[in-house]
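# Results of the structural survey
Next come the chains, spelled out residue by residue.
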Amino acid sequence: MATNDRLRRYLSDELGECCDEDVEQRVEELEILGAQTDETTLESDVQVLSALANETRYKIVRLLHAANGELCVCELSPLLDVSESAISHALSDLTKAGLVTRRKDGKWRKYRATGRATALLVALDGTKPD
């Protein structure tokens, strides 16, 4: 298999020499590593990252995090250059991704950033250059 040929060349460079046993051992280690990557987790993570990959949704998460509490669509509207309908749609996507929680309060819906959203923002802030 071509993949194993390339792996053999790599291991030869790394180890100084390589035999079939070295290749088999490394393939087993890599298969264990691959098994640790749960498909459900990957799908969930991609959904979260996709939700943040839109300027409006990302700004909403930032605003909700900065508010350190709940905000209504009518409170977000003056801060965003999109319609209330677009804000509601973005909030729905963020809620599905687990980045925002929604609570009905009479006729109003109030939104709050989740712990996961906060953790992601903190991680992003921690990687910014000084």
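Residues numbered from 1 in each chain as written. Predicted model: local features only at pLDDT ≥ 70, side-chain atom pairs only at ≥ 80, totals over all residues. Heavy atoms only, no water.

As a further point, take the overall build of the protein. Summing up its helical and strand segments, the protein has seven helices and three strands in all. Each helix and strand of the protein, placed in order from N terminus to C terminus, yields the pattern α-α-α-α-β-α-α-β-β-α. Here the C-alpha atoms of the protein give a radius of gyration of 23 Å, more than 25% beyond the 14 Å that 2.2 N^0.38 yields for 130 residues. The principal-axis extent of the C-alpha atoms belonging to the protein is close to 70 × 35 × 25 Å. Sequence-distant contacts in the protein: of pairs separated by 6 or more residues, those separated by 24 or more amount to 46%. Accessible surface, the protein as shown: approximately 9100 Å² in total, 50% of it carbon and sulfur. Counting 17 positive and 24 negative side-chain charges, the protein places the centres of these two groups 16 Å from one another. (Helix = DSSP H or I, 4+ residues; strand = E, 2+ residues; numbered from the N terminus. Rg over C-alpha atoms; globule rule 2.2 N^0.38 Å. Contact = heavy atoms within 4.5 Å. Areas by Shrake-Rupley, 256 points an atom, 1.4 Å probe, with all protein chains shown as cover. Lys, Arg positive; Asp, Glu negative; His and termini not counted. Charge placed at Lys NZ, Arg CZ, Asp CG, Glu CD.)

This part is about the pairing of strand β2 (residues 100–105). Pairing of β2 with strand β3 (residues 108–113) involves six bridges; the strand directions are antiparallel. Within the sheet, the bridge partner assigned to Arg 102 lies in β3 and is Tyr 111. Turn length for the β2-β3 hairpin, with the two strands adjacent in sequence and antiparallel, is two residues, and the turn residue Gly 106 shows positive phi of about 65 degrees. (Pairing = 2+ DSSP bridges.)

The N-to-C vectors of helix α4 (residues 55–67) and helix α6 (residues 84–96) enclose an angle of 75 degrees; their axes lie 9 Å apart at closest approach. Our classification of the angle between α4 and α6 gives roughly perpendicular. Residue-level contacts link Thr 56, Arg 57, Ile 60, Val 61 and Leu 64 of α4 to Ile 87, Ala 90, Leu 91, Asp 93 and Leu 94 of α6. Of the residues belonging to the contact of α4 with α6, the class tally is seven nonpolar, one polar and two charged. (Axes fitted to C-alpha atoms, helices over the stretch in contact; angles between N-to-C directions. Parallel < 35°, antiparallel > 145°, perpendicular 65-115°, else oblique. Nonpolar A, V, L, I, M, F, W, Y, C, P; charged D, E, K, R; others polar.)

Counting residues in each nonpolar core, the largest one holds 22 residues, and the members touching the most others are Ile 60, Leu 64, Leu 76, Leu 91 and Leu 99. Elements that contribute at least two residues to this core include exactly α3 (39–52), α4, α5 (73–76), α6, β3 and α7 (115–126). Every residue in contact with Leu 99, bar those within four places of it in the chain, is listed here: Val 48, Ala 51, Leu 52, Val 61, Leu 94, Arg 112, Ala 113, Thr 114, Arg 116, Ala 117 and Leu 120. (Core = buried A, V, L, I, M, F, W, Y, C linked by side-chain atoms within 4.5 Å. Buried < 20%, exposed > 50% of the residue type's maximum accessible area, 1.4 Å probe, protein only.)

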